[in-house]
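Architecture and fold: a report
So the chains spell out like this:
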Amino acid sequence: MIKISMHISRLFLGVVFLIAGINGFFVIFGSEPFIATSLAAMALFEFKYLLIAEKSLEVICGILLIVNQFIPLAIAILSPIVANIFLLHLFLDHSLLPLAIMLVLTFGVLLFYYRNNFMSLLERKPYSPH
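Within every chain, residues take consecutive numbers counted from 1 along the sequence as written. Where totals are concerned, whole chains, interfaces and linings use all residues; where local detail is concerned, this predicted model gives features only for residues with pLDDT of at least 70, and gives and counts side-chain atom pairs only at 80 or more. Hydrogens and waters are ignored; side-chain quantities use all the structure's heavy atoms.

Points about the packing of aromatic side chains
Two rings from Phe, Tyr or Trp (for Trp, the six-membered ring) form a pair when their centres are within 6.5 Å of each other. A pair whose planes differ by under 30 degrees is stacked, one over 60 is edge-to-face, and the rest are tilted. Counting across every chain of the model gives 3 aromatic pairs. Residues Phe26 and Phe34 carry aromatic rings whose centres are separated by 5.2 Å and whose planes lie at 80° to one another, so their mutual orientation is edge-to-face. Both a distance and an angle decide whether a charge sits over a ring: NZ of Lys or CZ of Arg must be within 6 Å of the ring centre and within 35 degrees of the ring normal. Taking the ring centre of Phe112 as reference, the NZ or CZ of Arg115 above it sits at 4.0 Å.

Considering the side chain of Asn23
Relative to the helices and strands, Asn23 resides in helix 1 (residues 2-28). A distance of 2.9 Å separates the side chain of Asn23 from the backbone nitrogen of Phe34, its partner in a polar contact. Contacts between residues were defined by any pair of non-hydrogen atoms, one from each residue, lying within 4.5 Å. Apart from residues no more than four positions distant in its own chain, Asn23 is found in contact with Pro33, Phe34, Ile35 and Thr37. We count a stretch as a helix when DSSP gives it H or I for four or more residues in a row; a strand needs E for two or more, and each element gets its number in order from the N terminus. Residues adjacent in sequence count toward polar contacts only when both atoms are side-chain atoms; beyond that, a polar contact is any pair of N or O atoms within 3.5 Å, and within protein one must be able to donate a hydrogen and the other to accept it.

Observations concerning the nonpolar core
Joining through side-chain atoms within 4.5 Å is the link that ties buried Ala, Val, Leu, Ile, Met, Phe, Trp, Tyr and Cys residues into a set, and such a set is a nonpolar core. Buried residues are those whose accessible area, probed at 1.4 Å on protein chains only, stays under 20% of the maximum for their type, while exposed residues exceed 50% and partly exposed ones sit between those limits. In this structure, Leu13, Phe17, Leu65, Ile75, Leu78, Leu110 and Tyr114 are the most contacted members of the largest nonpolar core, which totals 20 residues. Listed by contribution, the elements that provide at least two residues to this core are helix 1, helix 3 (48-67), helix 4 (71-91) and helix 5 (97-113). By residue number, the principal contributor to this core is helix 4, which donates 7 residues. With residues up to four places along the chain from it excluded, the contact list for Leu110 reads Met6, Ser9, Arg10, Leu13, Leu65 and Ile75.

Brief notes about the side chain of Arg10
Considering the arrangement of structural elements, one finds Arg10 in helix 1. When charges are counted, Lys and Arg are positive and Asp and Glu negative, with His and the chain ends excluded. Salt bridge, as applied in this entry: a Lys or Arg side-chain nitrogen positioned within 4 Å of an Asp or Glu carboxyl oxygen. For the buried Arg10, which has no salt bridge, the nearest side chain bearing the opposite charge is Glu58, at an N-O separation of 17 Å. A polar contact is formed between the side chain of Arg10 and the side chain of His7, at a distance of 3.1 Å. If we skip the residues at most four places from it in the chain, Arg10 touches Leu65, Ile66, Asn68, Ile71 and Leu110.

Quick word on helix 1
Every α-helix winds through 3.6 residues per turn, so residues three or four apart in the chain are directed the same way. Across its 27 residues, helix 1 extends 38 Å between first and last C-alpha, which sits within 8% of the 39 Å expected from 1.5 Å per residue. One or two residues past the end of helix 1 sits Gly30, with phi positive at roughly 80°. A helix is expected to span 1.5 Å for every residue after the first.

Next comes the structure, spelled out in structure tokens:
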């Protein structure tokens with residue numbers, strides 16, 4: 001059951017981040033986005049380079065999740081993005097809060113499934129070859 005949940009979560013997050021990233025490039029290039037975006041979120045990106053960096057990471061990680069490659073890396077990269085999305089919609093713009101909650105829950109499933117890949121980050125005195 002947990003493996004099925006992991007695959008569903010991985011594909012859901014992959015599709016969401018791929019579409020959100022592509023949608024963000026429409027905004028970057030001055031076109032109308034094909035999916036409604038949060039005005040509060042767009043206001044935070046005063047400098048285009050931040051939006052370009054975030055949306056590029058979303059596209060790359062979305063693709064990695066969909067093709068099931070480098071999943072722990074994608075999780076590590078998306079962690080601050082997911083946290084920011086959730087906090088933004090929790091405190092500033094409640095319009096997409098249900099989606100933000102769904103992102104956090106599905107992200108949690110992936111994080112739980114791949115937790116052994118991150119356990120060494122929590123070691124107080126990690127192994128050093130020297």
